[in-house]
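Letter by letter, the chains look like this.
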Amino acid sequence: MKKALIALAVAGSFAMTSVTALAAPITIKFSHVVAENTPKGQMANKFKDLIAERMGDKVVVEVFPNSQLFGDNKVLEAMLLGDVQIAAPSLSKFKKYTKALQVDLPFLFKDMAAVERFQKSDAGVKLLTSLESKGLVGLGYLHNGLKQLSASKPLRTPADASKLKFRIMSSDVLAAQFEAVEAVPLKKPFSEVFTLLQTRAIDGQENTWSNIFSKKFFEVQPYITESNHGVLDYMVVTSAEFWNGMDADTRNGVQQALNEALVFGNEIAAQKAVEDRQKIIDSGRSEVLSLSDAERAQWVEAMKPVWKQFEGDIGADLIEAAAASNM
Ligand code: LMR
């Protein structure tokens, strides 16, 4: 009897092992639009490595950089269809899903430390749930950095931007920001920016040092104004269906790996903002212009009315909470 029981137990454990071995790992496709040598590119690769190291038998991460799988405008739709599991669009690209994330107002945050304080505050943490009703879950924030203005001519005052065409992300706030200086904003996917600049179909664009460097915008834009006028920050998102479909242990493991990858990505963001700026200066391809206090004050004054314009959409409380993080 005892022997029979042992035999059964052994057979059972073989069966269990083979079921585990046969169960296909969960695949997480992580789609993004930037190059690999950027904060988001590095973060995604780190996440993939951490998962492979710790949970390789259960979960596999595949990273698709450079809009290889989906571009800006399609990735969230694809996520809801189950064709991609993780993405980290810029906060400026969620307009179709929520108005609360439009905190890309000009001159809202004075530096990245203020952005970090805001995202860690109750208001910032709550924003991670702002996509719930659309079937999306916010898993965390990732920084890129402060945006600069690049153009085919030197931009020192708002009047210099008048009538110029600027590529913007799909954000009404950014459209209003350029309209406030009488420029012409054009919503275009990130993957098209280089060609639009190179062919002079547009005159300028706004982006961070790491995006301007990694996508070579500085090679086709003779001037970059160090305006630090806005923030490029990302929300890492997944679909509720995918997220809740994982068992709790797996979900916690994935979230833990992601949290660590985000800390790593934020460190890269801080480094790249300095290094890539310097590489651009050293290249001699683009002249980096700094603004005097008086010139900067003119940009602030011209763009500040955009806050009031979007107060109804974003919420006065949220704008106040964001602005308060500058203290
Ligand atoms: C852009 O479209 O300019 C950026 O959002 C790209 C990115 O993801 O950094």
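Going by the structure above, here's the rest.
Residues numbered from 1 in each chain as written. Predicted model: local features only at pLDDT ≥ 70, side-chain atom pairs only at ≥ 80, totals over all residues. Heavy atoms only, no water.

1. Digging into the overall build of the chain
Next, step 1: What the chain contains, in helices and strands, is 14 helices and eleven strands.
Next, step 2: Overall size of the chain, expressed as C-alpha extent along the three principal axes, is 95 × 45 × 35 Å.
Next, step 3: Looking at the chain residue by residue over its 327 residues, the buried ones come to 50%.
Next, step 4: When contacts within the chain are restricted to residue pairs at least 6 apart in sequence, those whose partners lie at least 24 apart make up 76%.
Next, step 5: As presented, the chain carries roughly 14900 Å² of accessible surface, and 55% of it is formed by carbon and sulfur atoms. (Helix = DSSP H or I, 4+ residues; strand = E, 2+ residues; numbered from the N terminus. Buried < 20%, exposed > 50% of the residue type's maximum accessible area, 1.4 Å probe, protein only. Contact = heavy atoms within 4.5 Å. Areas by Shrake-Rupley, 256 points an atom, 1.4 Å probe, with all protein chains shown as cover.)

2. Points about the sheet that holds strand S7 (residues 184–187)
Next, step 1: As summarised here, the arrangement of the six strands in space is S7-S6-S8-S5-S9-S11, forming an open sheet in which the pairing is mixed. If you trace the sheet from one side to the other, it starts and ends with S7 and strand S11 (287–290), each paired once. Strand-to-strand twist in this sheet, taken as the mean axis angle between neighbours without regard to direction, amounts to 30°.
Next, step 2: Pairing between strand S5 (residues 148–151) and strand S8 (residues 204–207): four bridges, direction antiparallel. (Pairing = 2+ DSSP bridges. Axes fitted to C-alpha atoms, helices over the stretch in contact; angles between N-to-C directions.)

3. Observations regarding the pattern of salt bridges
Next, step 1: A complete count under the given rule lists twelve salt bridges for this structure.
Next, step 2: With a shortest N-O distance of 2.6 Å, Arg54 and Glu260 are connected by a salt bridge. Of this pair, Arg54 sits in helix H2 (residues 39–55) while Glu260 sits in helix H11 (residues 248–283), placing them 206 residues apart in sequence.
Next, step 3: Since its relative accessible area comes to 41%, Arg54 is described here as partly exposed.
Next, step 4: Several salt bridges share partner residues, and in doing so they unite Asp72, Lys93 and Arg167 into one network. (Salt bridge = Lys/Arg side-chain N within 4 Å of Asp/Glu carboxyl O.)

4. Here's the deal with the site of the ligand
Next, step 1: The local shell around the ligand consists of Val33, Val34, Lys40, Ser90, Lys93, Arg167, Met169, Phe190, Asn207, Asn211, Leu232 and Tyr234.
Next, step 2: Within the side chain of Asn207, one N or O atom sits 2.9 Å away from an oxygen atom of the ligand.
Next, step 3: Computed on the free molecule, the ligand has an accessible area of 270 Å², of which 100% lies beneath the protein chains in the complex. (Near = heavy atom within 4 Å. Polar contact = N/O pair within 3.5 Å; in protein donor to acceptor, adjacent residues only side chain to side chain.)

5. A closer look at the nonpolar core
Next, step 1: In this structure, Phe30, Phe47, Val254 and Trp299 are the most contacted members of the largest nonpolar core, which totals 58 residues.
Next, step 2: When residues no more than four places from it in sequence are discounted, the contact partners of Trp299 are Phe107, Leu149, Leu155, Arg156, Thr157, Pro158, Ala161, Val181 and Leu291.
Next, step 3: Membership of the second largest hydrophobic core comes to 37 residues, among which are Leu76, Phe94, Ile314 and Leu318. (Core = buried A, V, L, I, M, F, W, Y, C linked by side-chain atoms within 4.5 Å.)

6. What to know about the packing of H2 against H11
Next, step 1: Orientation of H2 relative to H11, taken along the N-to-C sense of each, is 145°, at an axis distance of 8 Å. For the crossing formed where H2 meets H11, the hand is right-handed. (Left-handed = near helix turned anticlockwise from the far one by under 90°.)

7. Overview of the packing of aromatic side chains
Next, step 1: What the rule picks out here adds up to five aromatic pairs.
Next, step 2: For the pair Phe30 and Phe47, a centre-to-centre distance of 6.4 Å together with 65° between the ring planes defines the contact as edge-to-face. Taken together, the residues span a long stretch of sequence, with Phe30 in strand S1 (residues 26–31) and Phe47 in helix H2 at a distance of 17 residues. In terms of burial, Phe30 and Phe47 fall into one category: buried.
Next, step 3: Between Phe213 and Phe218 the ring centres are 5.6 Å apart and the planes differ by 15°, which places this aromatic pair in the stacked class.
Next, step 4: Residue class for Phe218 comes out buried when judged on its relative accessible area of 5%.
Next, step 5: Directly above the ring of Phe264 sits Lys46, whose terminal nitrogen or CZ lies 4.7 Å from the centroid. (Phe/Tyr/Trp six-rings, centres within 6.5 Å; stacked < 30°, edge-to-face > 60°. Lys NZ or Arg CZ within 6 Å of the ring centre and 35° of its normal.)

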